[in-house]
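Inside the fold
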Amino acid sequence: MALANLHKWAFFYFSPDFSPEQNTVINRNPMGTCEMITVGFDPRAKEDGSIIEVAKQLKAEGIQFIELCGGLRTNLDD
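No experiment lies behind these values; they were computed from the predicted model shown.

With that settled, the discussion passes to unusual backbone geometry. Non-glycine residue Asp-17 carries a positive phi angle of around 65°. With respect to the element layout, Asp-17 can be found in the loop between strand E1 (8-14) and strand E2 (24-28). According to the relative accessible area criterion, Asp-17 is exposed, its value standing at 64%.

Of all hydrophobic cores here, the largest spans 10 residues; its members are Ala-10, Phe-12, Ile-37, Val-39, Phe-41, Ala-45, Ile-51, Val-54, Leu-58 and Ile-63. Where this core is concerned, the elements lending two or more residues are E1, strand E3 (35-41) and helix H2 (50-60). Those residues in contact with Val-39 that sit more than four places away from it in its chain are Phe-11, Phe-12, Tyr-13, Pro-20, Asn-23, Thr-24, Val-54 and Leu-58.

The subject of this paragraph is the pattern of salt bridges. Counted under the stated rule, the structure contains 4 salt bridges. Across the salt bridge formed by Glu-35 and Lys-8, the nearest N and O atoms sit 3.9 Å from each other. Here Glu-35, found in strand E3, pairs with Lys-8, found in strand E1; they are 27 residues apart in sequence, far enough to count as distant. Across the pair, exposure class does not vary: Glu-35 and Lys-8 are buried alike. Across the pair Asp-42 and Arg-44 runs a salt bridge whose closest N-O atoms are separated by 2.8 Å. Residues joined in a network through salt bridges with shared partners are Lys-8, Arg-28 and Glu-35.

Conventions used here
Residue positions are counted from 1 within each chain, in the order its sequence is given. Per-residue local features of the predicted model are confined to residues with pLDDT of at least 70, and side-chain atom pairs are confined, for both listing and counting, to 80 or more; whole-chain, interface and lining totals are unaffected and use all residues. Calculation of side-chain values draws on the structure's entire complement of heavy atoms; hydrogens and water are dropped beforehand. Here a strand is any run of E in DSSP of at least two residues, a helix any run of H or I of at least four, and the numbering for each starts at the N terminus. A simple rule labels every residue: compare its accessible area, found with a 1.4 Å probe on the protein chains alone, to the largest value its type can have, and call it buried under 20%, exposed over 50%, or partly exposed in between. Within this scheme, the nonpolar core is defined by two criteria: the residues are buried Ala, Val, Leu, Ile, Met, Phe, Trp, Tyr or Cys, and they are joined through side-chain atoms within 4.5 Å. Whether two residues are in contact is decided by their heavy atoms, any of which lying within 4.5 Å being enough. In what follows, salt bridge is the name for a side-chain nitrogen of Lys or Arg lying within 4 Å of a carboxyl oxygen of Asp or Glu.

Here is the structure:
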């Protein structure tokens, strides 16, 4: 997919005690032709399946791709 054809995407990241219900931000350009959604999850969401459910919901809403934070650690207690 060419970048010029990208109009709606999401970025998922982890932070303790975050949830999609409280930590989702939608940014749109002034013309409304481009939309980026950032969604914060508690690290425990990796095990409970909620990340997959949010991804499926966003896909149904027309999201074109989802980027995952590349700096994630597997154990936040370290």
